[in-house]
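Residue-level structural notes
Chain by chain, the residues run as shown.
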Amino acid sequence: MKEKVKESNLPVFEANLENPDLLRLETLLENAHPKLVGVDGEEVFLPESIYQILRQVTSLLAQGKGVTLVPQDHYLTSQEAANLLNISRPYLYTLLDNQEFPYILIGTHRRIKVEDILAYKAKRDRDRRQTLAELIEASQELGFYEAEASDSQEKE
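This one's a predicted model, so the numbers in the text were calculated from it and none came from an experiment. (Residues numbered from 1 in each chain as written. Predicted model: local features only at pLDDT ≥ 70, side-chain atom pairs only at ≥ 80, totals over all residues. Heavy atoms only, no water.)

The secondary structure content of the chain amounts to six helices and seven strands. Walking the chain from its N terminus toward its C terminus, one meets helices and strands in the order β-α-β-β-α-β-β-α-α-β-β-α-α. By the burial criterion, 20% of the 156 residues in the chain qualify as buried. Accessible surface computed for the chain: about 12400 Å², of which carbon and sulfur atoms make up 53%. (Helix = DSSP H or I, 4+ residues; strand = E, 2+ residues; numbered from the N terminus. Buried < 20%, exposed > 50% of the residue type's maximum accessible area, 1.4 Å probe, protein only. Areas by Shrake-Rupley, 256 points an atom, 1.4 Å probe, with all protein chains shown as cover.)

In structure tokens form, the structure reads like this:
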């Protein structure tokens, strides 16, 4: 039996590398603060927050990356949260059971705020970078890099 995939109501913007207007728009946004001009000629400058979003989205689309807009108070299903964190759903349940971030129950289904998932992801990524930097430093102090360099010179 084929499982039906639930459609999300989130706006998704796909990249279009073939579109030279996208690259032109990216260049224009780097050098100007745009305004909207209505059909009646009325001009409205974009607020700074919208301008920054437009710059970021345009840059990502020009790089060939898709973009999804999600309101901060939006709740994700456990599968959506697991996908965002690039982990399995059972592992996500372990994180939830260990209270790594809050969730709510809707019936028997867990829902997690997107901002909580993104905060956890940012902390996890920071911790990983710090651990990697410490590992590299310890390896250098122990001379592992020097041993590899001398080994390759001996083979020559």
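Anyway, onward from the coordinates.
On to the confidence of the model for the chain, then. On average, the chain scores 80 in pLDDT, and the residues at 70 or more come to 79%. Within the chain, the lowest mean pLDDT, 54, falls on strand β1 (residues 12-13), and the highest, 96, falls on helix α4 (residues 89-97). Residue range residues 1-8 is modelled with pLDDT below 50. Its contacts to residues more than four positions away, or to other chains, number zero contacts. (pLDDT = per-residue confidence, 0-100. Contact = heavy atoms within 4.5 Å.)

We now examine the packing of helix α3 (residues 78-85) against α4. Remark: α3 packs on α4, axes separated minimally by 9 Å, with the N-to-C direction vectors making an angle of 100°. By the criterion of interaxial angle, the relationship of α3 to α4 is roughly perpendicular. Listed contacts from α4 to Ser78, Gln79, Ala81, Ala82 and Leu85 of α3 are Arg89, Leu92 and Tyr93. Here the contact of α3 with α4 is built from residues that sort into five nonpolar, two polar and one charged. (Axes fitted to C-alpha atoms, helices over the stretch in contact; angles between N-to-C directions. Parallel < 35°, antiparallel > 145°, perpendicular 65-115°, else oblique. Nonpolar A, V, L, I, M, F, W, Y, C, P; charged D, E, K, R; others polar.)

Turning next to the sheet that holds strand β7 (residues 109-113). Two modes of strand pairing occur in sheets, parallel and antiparallel, and in both the strands are linked by backbone hydrogen bonds. The three strands lie next to each other as β5-β7-β6, forming an open sheet whose pairing is antiparallel. At either margin of the open sheet sits one strand with a lone partner, and together these are β5 (75-77) and β6 (104-106). Here the strands of the sheet are splayed against their neighbours by 45° on average, with no regard to which way each runs. Against the sheet, α3 touches β5 and β7, its axis set at about 90° to β5. (Pairing = 2+ DSSP bridges.)

This part is about the nonpolar core. Counting 13 residues, the largest nonpolar core has Ala81, Leu85, Ile87, Leu92, Phe101, Ile112 and Ile117 as the members making the most contacts within it. At the level of secondary structure, the elements contributing two or more residues to this core comprise α3, α4 and α5 (114-141). With residues near it in sequence (within four places) discarded, Leu92 still touches Ser78, Ala81, Ala82, Leu85, Ile87, Phe101 and Ile112. Core analysis: the second largest hydrophobic core is formed by five residues, Leu22, Val57, Ala62 and Val67 among them. (Core = buried A, V, L, I, M, F, W, Y, C linked by side-chain atoms within 4.5 Å.)

Moving on, we get to a nonpolar patch on the surface. A surface patch of nonpolar side chains, amounting to about 240 Å² of accessible area, comprises Tyr75, Ile104 and Ile106. Within the secondary structure layout, Tyr75 lies in strand β5. Look at Tyr75 and you get partly exposed, because its relative accessible area is 33%. (Patch = residues over 30% accessible without salt bridge, like charges linked within 9 Å, V, L, I, M, F, W, Y side chains within 5 Å. Salt bridge = Lys/Arg side-chain N within 4 Å of Asp/Glu carboxyl O.)

As a further point, take helix α2 (residues 48-62). Compared with the 21 Å implied by 1.5 Å per residue over 15 residues, the 21 Å span of α2 between its first and last C-alpha is a close match. Once α2 finishes, Gly64 follows within two positions and takes phi at roughly 85°, a positive value. (Expected span 1.5 Å × (residues − 1).)

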